[in-house]
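Listed below, chain by chain, are the residues.
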Amino acid sequence: MDEEIKTARAEAKYVRIAPRKVQIVCDMIRGQKTDTAMAMLQNTPKAACEVMAKLLKSACANAENNFALDPDSLYVAETYAEAGPILKRGRPVSKGRMHRINKRTSHIIIVVAEKQ
C-alpha cells in the first residue's frame, strides 16, 4: 500500500534577483534537512540566501501549523526558481542610441516534506 507523503509549500513572487542566481542556491539546499538547509543559507554569501531563508521559515511554519507535520523530521523536498517578468531599462550610449538592460525577476518555490 502506497502511503501519501504530506508536503507544505511557500512561494515568493516577483523577487528582484535573476533566476540563474537563485537556482544556484536552490541546488545547494535541495534534499537537505530543514535545519541543515537553514544553516547553509545563513552562512553562504549569496544575495538569494536572504530571501530563501525567509521562504524556508515560511514553508516550515506552514507545515507545522496548517498540516500538523513534525518540524524535526522536515526536509526540503523540492525547490526551484522560475523566471518572472523582466523589467526593461536602458542605458544611453553614443549617437543618441540606447542599450537595453534587463532587470530580471524570479518566482521562488520551496516544498518541504516529512521524512518517512
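Predicted, not measured: the structure shown is a model, and the values here were computed from it.

## Side note on the sheet that holds strand β5 (residues 106–114)
Thought 1: The strand order β1-β5-β2 describes an open sheet built from three strands, whose pairing is antiparallel. Where the open sheet ends on each side, the last strands, each with one partner, are β1 (7–15) and β2 (74–83). Adjacent strand axes in the sheet meet at a mean angle of 15 degrees when their direction is disregarded.
Thought 2: Note that β2 and β5 share nine bridges and pair antiparallel. Within β5, the residue paired with Ala81 across the bridge is Ile108.
Thought 3: Its contacts with the sheet put helix α1 (residues 19–29) on β2 and β5, and the angle it makes with β2 is roughly 165 degrees.

## Observations regarding the side chain of Thr34
Thought 1: Tracing the backbone shows Thr34 in helix α2 (residues 34–42).
Thought 2: By relative accessible area, which is 8% here, Thr34 ends up buried.
Thought 3: Setting aside residues up to four positions removed in sequence, Thr34 forms contacts with Leu56, Cys60, Pro71, Leu74, Tyr75, Val76 and Val112.

## With respect to helix α3 (residues 48–66)
Thought 1: Here α3 contains 19 residues, and its C-alpha end-to-end distance of 26 Å stays within 8% of the 27 Å for a straight helix at 1.5 Å per residue.
Thought 2: Among the residues of α3, those classed as buried are Ala48, Cys49, Met52, Ala53, Leu55, Leu56, Ala59, Cys60 and Ala63.
Thought 3: Where α3 is buried, its residues touch β1, α1, α2, β2 and β5.
Thought 4: Taken from the residues just after α3, Ala68 is the one with a positive phi, measuring 55 degrees.

Calculation rules
- Residues numbered from 1 in each chain as written.
- Predicted model: local features only at pLDDT ≥ 70, side-chain atom pairs only at ≥ 80, totals over all residues.
- Heavy atoms only, no water.
- Pairing = 2+ DSSP bridges.
- Helix = DSSP H or I, 4+ residues; strand = E, 2+ residues; numbered from the N terminus.
- Axes fitted to C-alpha atoms, helices over the stretch in contact; angles between N-to-C directions.
- Contact = heavy atoms within 4.5 Å.
- Buried < 20%, exposed > 50% of the residue type's maximum accessible area, 1.4 Å probe, protein only.
- Expected span 1.5 Å × (residues − 1).

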